Every structure is written in structure tokens, then in C-alpha cells.
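Each chain, letter by letter, is given below.
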Amino acid sequence: QRSGLALMDIDEASDVQRNLHSTEVVRPNADHARAIVASLRARTPDVIVIDPSAFPPIPAWAQADWLSFWSAVITRYVASVTFVDGWEYSVGCVHEFHLATQLGLPRFDERSVAIDTAVALEMIRNAIAEIAAKNSPTSGLKRGYELLKLASGVDANSRDTRSQPGGLSGRNAL
């Protein structure tokens, strides 16, 4: 939030807020994601890696459309999900982490270290606190946090001891 503008919901943002969000958040995140995708592809040449940063903005789509699209992609095509640093600040990424958890998909950070559900909950909780301390809205992240907490049966004070499914190879996504 470099501009100092707080967004309740990207769908309700003005053109100025959308442009600032694109410049200050979306573009830098996409650049970083492309670098992580390139690294994953180099390390795992026999695995298909889906690059979400390769998808252009669709002006007519609301955030719900993107969530629905990526939910369908993850559900149908993905065997594991890699999250770039800072994912816990993104409503969409928290939604995707929740979905991956529900589907029993392995979840990794950008260094290919597994992300435990309890650790993820703690990360999201810390992101919410940081954003709230800046008097910025947190309702989307709070909703994602609560859904993940309920669905997983795990809280941020324990560790996820459920085993990850094996044998999921040939597909990967960022």
C-alpha cells in the first residue's frame, strides 16, 4: 500500500486506485512470480508449471471471476501449488491455499519448502494484524483465514500433522 490508499475491495476501486494497485502490487508481484516460475521450470523440466502471471487482466472480470477461474484450474489440473513470498497478503492466494488444503494438495513456498497449515494460518494472522495496524481493511483476508481454519481443523498454535498425498507427479502450479 505504497500510495496510502486503502482498498476495501478491488472491485470497488476507482480507476486511480486500480492503476496504483496495478503499478504498485500486481506488476512487481508478476515480475517476481515469473522469476520463480522460470526457476521451477529449470529445476523440474518434466513438470508442467502453470504461470498465473502470464494471464492478462480481463477488465470485465471481478475478483470473484478470477477466484472461480483459478479454483477450476487448481481443481482440475494441479498436483501441487507453489506460493511466492508475501502470498499471505493476497485474498486470492489465501483462497487458493484454502482450496489446495481442501483438495489435499502439497503446498510449497518459493524455495520448495512445504507450507504447514498451522504455519500458513499464523502467516495470514500476522498479515491481517500488519494491515489492520495501518488502518487498512482486512475483511477478505479474515474471511479466508476463518475458512482455512474451519476447513483444516488446525489453528495457528498447532502443527498440521495430516500426511500429504503421494504419487502426485507430472503437474505443478505457481
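Residues numbered from 1 in each chain as written. Predicted model: local features only at pLDDT ≥ 70, side-chain atom pairs only at ≥ 80, totals over all residues. Heavy atoms only, no water.

Novice: How would you explain the overall build of the chain if you had to name every residue and give the values?
Specialist: From N to C terminus, the chain includes five helices and four strands. By the burial criterion, 36% of the 174 residues in the chain qualify as buried. Taking contacts inside the chain between residues at least 6 apart in sequence as the whole, the part at least 24 apart equals 67%. Summed over its atoms, the accessible surface of the chain is roughly 9900 Å², and 56% of this surface lies on carbon and sulfur atoms. (Helix = DSSP H or I, 4+ residues; strand = E, 2+ residues; numbered from the N terminus. Buried < 20%, exposed > 50% of the residue type's maximum accessible area, 1.4 Å probe, protein only. Contact = heavy atoms within 4.5 Å. Areas by Shrake-Rupley, 256 points an atom, 1.4 Å probe, with all protein chains shown as cover.)

Novice: Outline the environment of Tyr-77, supporting the account with residue identities and numerical values.
Specialist: Among the structural elements, Tyr-77 can be located in helix H2 (residues 63-77). Its relative accessible area of 42% is what places Tyr-77 among the partly exposed residues. Residues Tyr-77 and Ile-48, spaced 29 residues apart in sequence, show a C-alpha to C-alpha distance of 9.8 Å. Polar side-chain contacts of Tyr-77 include one of 3.4 Å to the side chain of Arg-76. (Polar contact = N/O pair within 3.5 Å; in protein donor to acceptor, adjacent residues only side chain to side chain.)

Novice: Provide a residue-level description of unusual backbone geometry, including the pertinent values.
Specialist: With phi around 70°, Ser-112 is a residue other than glycine that occupies positive phi space. Tracing the backbone through its elements, the reader meets Ser-112 in the loop between strand E3 (107-109) and helix H4 (117-133). Positive phi, normally seen in glycine, also occurs at Asn-135, with a value near 60°. Within the secondary structure, Asn-135 is located in the loop between H4 and helix H5 (139-152).

Novice: Please provide a residue-by-residue account of the nonpolar core, values included.
Specialist: Counting residues in each nonpolar core, the largest one holds 24 residues, and the members touching the most others are Val-78, Trp-87, Phe-97 and Ile-124. Listing elements by their share of this core, those giving two or more residues are H2, strand E2 (81-83), helix H3 (91-103), H4 and H5. Here this core gets six residues from one element, more than from any other, and that element is H4. When sequence neighbours within four positions are dropped, the list of residues in contact with Trp-87 reads Cys-93, Val-94, Phe-97, Ile-115, Ala-120, Met-123 and Ile-124. (Core = buried A, V, L, I, M, F, W, Y, C linked by side-chain atoms within 4.5 Å.)

Novice: Go over the pattern of salt bridges, please, and point to the residues and values.
Specialist: Scanning all chains against the criterion turns up five salt bridges. With its nearest N and O atoms 3.7 Å apart, the salt bridge here joins Glu-110 to Arg-111. (Salt bridge = Lys/Arg side-chain N within 4 Å of Asp/Glu carboxyl O.)

Novice: So what about the confidence of the model for the chain? Which residues, and what values?
Specialist: When pLDDT is averaged along the chain, the result is 82; 77% of the residues meet or exceed 70. Put simply, strand E4 (residues 171-173) is where the chain has its lowest mean pLDDT, 44, and E3 is where it has its highest, 97. Predicted confidence is poor over residues 1-8, with pLDDT under 50, and the contacts of this stretch with residues over four places away or in other chains come to 18 contacts. Low pLDDT, under 50, characterises residues 160-172; the stretch is placed with 33 contacts to residues that sit more than four places away or in other chains. (pLDDT = per-residue confidence, 0-100.)

Novice: Break down the packing of aromatic side chains for me, with residues and values.
Specialist: Counted according to the given criterion, the structure contains nine aromatic pairs. Members of the aromatic cluster, each reached through a chain of ring pairs, are Phe-55, Trp-61, Trp-66, Phe-69 and Trp-70. (Phe/Tyr/Trp six-rings, centres within 6.5 Å; stacked < 30°, edge-to-face > 60°.)

Novice: Report on the packing of H2 against H3, specifying residues and quantitative values.
Specialist: With their axes 10 Å apart at the nearest point, H2 and H3 run at an angle of 30° to one another. Taken together, the axes of H2 and H3 lie roughly parallel to each other. By crossing handedness, the relation of H2 to H3 is classed as right-handed. Where H2 abuts H3, its residues Gln-63, Leu-67, Trp-70, Ser-71, Ile-74 and Thr-75 lie against Val-91, Gly-92, His-95, Glu-96, Leu-99 and Leu-103. Split by residue class, the contact of H2 with H3 holds six nonpolar, five polar and one charged. (Axes fitted to C-alpha atoms, helices over the stretch in contact; angles between N-to-C directions. Parallel < 35°, antiparallel > 145°, perpendicular 65-115°, else oblique. Left-handed = near helix turned anticlockwise from the far one by under 90°. Nonpolar A, V, L, I, M, F, W, Y, C, P; charged D, E, K, R; others polar.)

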